[in-house]
Amino acid sequence: MADTISIFFVGDIVGDPGIEMTNTFLPSLIKKYDADFVIANAENSHEGFGTNRKIIKNLLNLGVNVVTGGDHSFDKWKVFDYMRDHDHILRPLNYPKGNAGLGFSIHEVPKKNVKVGVLNLQGRTFMKAIEDPFSTAEWALEKMREETNIIFVDFHAEATAEKVSMGWHIDGKASVLVGTHTHVQTNDARIFPQGLGYLTDAGMTGSMNGVIGMDKKVAIKRLMTGVHQKYQPASGDNQLCGAFAKVDIDTGKCVHIEPVTYPGLNNSATD
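Residues numbered from 1 in each chain as written. Predicted model: local features only at pLDDT ≥ 70, side-chain atom pairs only at ≥ 80, totals over all residues. Heavy atoms only, no water.

## Some words on the pairing of strand β5 (residues 104–109)
Rule in force here: When DSSP finds at least two bridges between two strands, those strands are taken to pair. Labels follow the DSSP assignment, with helices taken as runs of H or I lasting at least four residues and strands as runs of E lasting at least two, numbered in each case from the N terminus.
Bridge count for β5 against strand β6 (residues 114–122) is 6 bridges, and the pairing is antiparallel. Bridge assignment links H107 to a residue of β6, and that residue is V116. If you look at the hairpin formed by β5 and β6, you'll find 4 residues sitting between the two strands, and N113 has a positive phi there, around 55 degrees.

Written out as structure tokens, the structure reads:
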């Protein structure tokens, strides 16, 4: 049987409820899945928008190897210097040159005697008009494959079609692509023909007692009035959502991928 490396991914951590869930359950989930490498998206971790040094360092202490981002990566400017100085915090590579931080990095996994590459990209459909993520992915993956064939991609995008398109585009060039940003976990985990493990969206880690992690009253008011209201993270019914994958070390192909939801949503009525 082929030797594999296990990768655990934590979906968008939203505010204090998301941090609380991660602090409480991630260490045990790492043990449960026997994860060799852990990635977490934390672009919504500080008050629902952006992140900070304290949160990043806390995630590292919990066992996270790389922290990824998205369209809120640059919301808190105080983290910019930290982003410039460390390769374990990423932001989407296809933002214009000159922005703080890195879009990909490669990390040693001594336990398995291999390297794992992590690439962070952002979509453009219904989002900011930044650089093309598809050509950016081509360039980055070619460069990364000079060092390793085990590559995980966090594609932070709004449109399902754009995420699926990216999956087909990089099949055979990356090991796993997991989508983030919509905060709603999808049920389409699969392996593409050339070995890419794929999940359209990992979902979020935070409160389900709201609207994609935010206070439901504010969300409804915004939609009914068309007037901006300041979002605040919701609270209650907290969940940790993400994905788990196994990758063949020799080929870099995914051999297993599944969505993770803990402790699980209530889908049956009770008396």
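## Examining the sheet that holds strand β7 (residues 151–156)
Heads up, the rule is: Any two residues whose heavy atoms approach within 4.5 Å at even a single point are treated as in contact. Structural elements are reduced to axes, namely lines fitted to C-alpha atoms, with helices fitted over the stretch in contact, and the angle between N-to-C directions of any two is expressed from 0 to 180 degrees.
In space, the 6 strands of this open sheet follow the order β5-β6-β7-β8-β10-β9, with mixed pairing throughout. The strands lining the two open edges of the sheet, one partner per strand, are β5 and β9 (190–191). Of the pairings in the sheet, the one linking β9 to strand β10 (residues 197–199) comprises 2 bridges and is antiparallel in character. Across the sheet, R190 pairs through a bridge with Y198, a residue of β10. The strands touched by helix α4 (residues 133–144) within the sheet are β5, β6 and β7, with β6 carrying the most contacts at an inclination of about 165 degrees. Across the face of the sheet, helix α5 (residues 160–170) comes into contact with β6, β7, β8 (176–180), β9 and β10 while running at roughly 165 degrees to β8.

## Comments concerning unusual backbone geometry
This is how it is decided: Throughout this description, buried means an accessible area under 20% of the type-specific maximum (1.4 Å probe, protein chains only), exposed means over 50%, and partly exposed covers the range between.
Following Y262, the chain continues into P263 via a peptide bond in cis, with omega recorded as 5 degrees. Among the structural elements, P263 can be located in the segment after β13 (254–262). Despite not being glycine, E47 has its phi angle at roughly 60 degrees, a positive value. With respect to the helices, strands and loops of the structure, E47 is situated in the loop between β3 (37–41) and α2 (53–62). What makes E47 exposed here is its relative accessible area of 52%. The phi dihedral of F126 is positive, around 65 degrees, even though this residue is not glycine. As for its position among the elements, F126 is in the loop between β6 and α4.

## Brief notes about the pattern of salt bridges
Here is the rule we go by: Take a side-chain nitrogen of Lys or Arg and a carboxyl oxygen of Asp or Glu: if they are within 4 Å of each other, that pair is a salt bridge.
Considering all chains together, one arrives at 8 salt bridges under this definition. Notably, a salt bridge pairs K112 with D3, separated by 3.5 Å at the nearest N-O pair. With K112 in the loop between β5 and β6 and D3 in the segment before β1 (4–10), the pair connects residues that are 109 residues apart, well separated along the chain. Overall, K112 belongs to the partly exposed group, its relative accessible area being 23%. Linked by salt bridges that have partners in common, D34, D36 and K111 make up one network.

## Things to note about the side chain of D171
Test applied: A residue counts as positive if it is Lys or Arg and as negative if it is Asp or Glu; His and the chain ends are not included. N or O atoms within 3.5 Å of each other form a polar contact, as long as, within protein, one can give a hydrogen and the other can take it, and as long as residues adjacent in sequence are counted only when both atoms are side-chain atoms.
Structurally, D171 can be placed in the loop between α5 and β8. In this structure D171 is buried but unpaired, with K253 as the nearest side chain of opposite charge at 6.7 Å. At a separation of 2.9 Å, a polar atom in the side chain of D171 contacts the main-chain amide nitrogen of Q194. In contact with D171, not counting residues within four places along its chain, are F192, P193, Q194, G195 and L196.

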